[in-house]
Amino acid sequence: MEELADFLEKRSAASYRAKQITDWIYKKRVTSFDAMTDLPNELRDELAAEFDAPNTEVVRVLGSKDTTQKFLFRLRDQNLIESVLIPASPALYGQPSDRRTICVSTQVGCAYGCKFCASGLEGYTRNLDAAEIVQQLIAVEEQTEEKIDNVVFMGMGEPLANLKNVLRAIRIINAPWGLGIGARHITVSTSGLAPQIRELASQSTQFRLALSLHGATDEVRSQIMPVNRKYPLKVLLEACDYYAAKKGRLTFEYILIAGINDTDEQARELAKIARRLSAKINLIPYNTVEGLEWSRPSRAQQEKFQSILRKHRVVATLRREKGHDIAAACGQLRLQTKRQAQTVRSLAKIVS
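Residues numbered from 1 in each chain as written. Predicted model: local features only at pLDDT ≥ 70, side-chain atom pairs only at ≥ 80, totals over all residues. Heavy atoms only, no water.

Considerations on the pairing of strand S3 (residues 80–87)
On a regular strand, one side chain projects to one face of the sheet and the next to the other, so that they alternate. Definition in use: Buried, partly exposed and exposed residues are distinguished by accessible area as a fraction of the type maximum, computed with a 1.4 Å probe on protein chains only: under 20%, between the cut-offs, and over 50%, respectively. We count a stretch as a helix when DSSP gives it H or I for four or more residues in a row; a strand needs E for two or more, and each element gets its number in order from the N terminus. At least two DSSP bridges between two strands are required for those strands to pair.
With 7 of 8 residues buried, S3 lies mostly within the body of the structure. As judged from the 6 bridges shared by strand S2 (residues 69–74) and S3, these two strands associate in the antiparallel manner. Bridge pairing in S3 places Lys70 opposite Val84. The turn joining S2 and S3, which pair antiparallel and follow one another in sequence, is formed by 5 residues; a positive phi near 80 degrees is taken by Gln78. Across 4 bridges, the pairing between S3 and strand S4 (residues 100–103) is antiparallel. Along S4, the bridge assignment pairs Leu85 with Ile102.

In structure tokens:
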């Protein structure tokens, strides 16, 4: 809003025009400046010359039996990204779900190579800008005709590796003149970039932080997450201590992988870390990814792991599965679509 007001002031336009323009974009959701009918024609022409209109194309929408939906978007440079819409509970007896959460992407691909994730299987391409991040919410609301209540930055990419654009997007998502979603309903996830976690502690906006831990010792975590070699647990947890002292509680995301990080010893070590930071833990059964060999533990093993944490007085929830039937884990639909397209091109080349 401040930048828009400055743009208008330099062109001797009235300051109240900034509010009109943001209302058209974020409240009325128009996609061209010509549609802003209460603006002078000359100003509309100047805006069109200076700024780009949204150009995010919905390529595929997959709906799950449990009402989770996955969206594949094509950007203006033809790159593909994904978003997932997750109702908090299934619609019962014709009633809508009580909360709707969107999981958004922050990068095309990912450079961090977490071993459970499809996002980085074809490497990193580029950061998304703030507009491309915000547009995921706008496009999904347009497709579903329902309001999003919660935003989690847990899609493709490492949000803290694109911190400038993520913080800019959060300002727009949170602002009353923007999408108006409360800061406490916005969660940023990270694989563990310690310096950026410290930087987040200085931010005034009270959004939440989730740390993708996935291993409670350096040996196990490094096997799953290469970033641990640069920021081992000692360095990472010191950054988390700093963050918690400034901002309060954070959450650990812990994907349970059979025979890798689901042992009783890992549960006990995880409990120690959680108590140190007064953190709560979201346990997530591994979502099978084509091309990766790992699998999820049995339901009994998942519940045993959770019971050990609770025995050690740690708040731990076991996430109910959503979207497994539509490849809803990060990067899966994009990867499938790209590989299908490559197969079609290869067949066409053979035929020709």
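Anyway, onward from the coordinates.
A closer look at the confidence of the model for the chain
What counts, and what does not: pLDDT measures the predictor's confidence residue by residue and takes values from 0 up to 100.
Looking at the chain, the pLDDT average stands at 89 and 88% of residues meet or exceed 70. Taking the mean pLDDT of every element in the chain, the minimum, 51, falls on helix H12 (residues 332–351) and the maximum, 98, on helix H10 (residues 264–277).

As for the packing of aromatic side chains
As a reminder, the rule being used: For this analysis, a ring pair means two rings from Phe, Tyr or Trp (six-membered ring only for Trp) whose centres lie within 6.5 Å, classed as stacked if their planes differ by under 30 degrees, edge-to-face if by over 60, and tilted for the remaining angles. The criterion for a charge sitting over a ring is simple: Lys NZ or Arg CZ within 6 Å of the ring centre, and within 35 degrees of the ring normal.
Scanning the entire structure with this criterion turns up 4 aromatic pairs. A ring pair is formed by Phe71 and Phe73, whose centres lie 6.3 Å apart and whose planes are at 10 degrees; its orientation type is stacked. According to the relative accessible area criterion, Phe73 is buried, its value standing at 0%. One residue, Lys28, lies across the ring of Trp24, its end atom 3.9 Å from the ring centre. For Arg198, the ring lying beneath its charged end belongs to Tyr242, and the centroid distance is 5.2 Å.

Some remarks on the sheet that holds strand S10 (residues 251–256)
To be explicit about the condition: Axes here mean lines fitted to C-alpha atoms, for a helix over just the part in contact, with angles spanning 0 to 180 degrees between N-to-C directions. Contacts are assigned to residue pairs that have any heavy atoms within 4.5 Å of one another.
The 10 strands lie next to each other as S1-S2-S3-S4-S7-S8-S9-S10-S11-S12, forming an open sheet whose pairing is mixed. Each edge of the open sheet is held by one strand with a lone partner, namely strand S1 (57–63) and strand S12 (316–318). Put simply, the sheet's adjacent strands are angled 20 degrees from each other on average, direction ignored. Sheet analysis places S1 next to S2, joined by 6 bridges and oriented antiparallel. Counted as the bridge partner of Gly63 is Gln69 from S2. On the sheet, helix H4 (residues 130–144) packs against S1, S2, S3, S4 and strand S7 (150–153) and is oriented at approximately 125 degrees with respect to S2.

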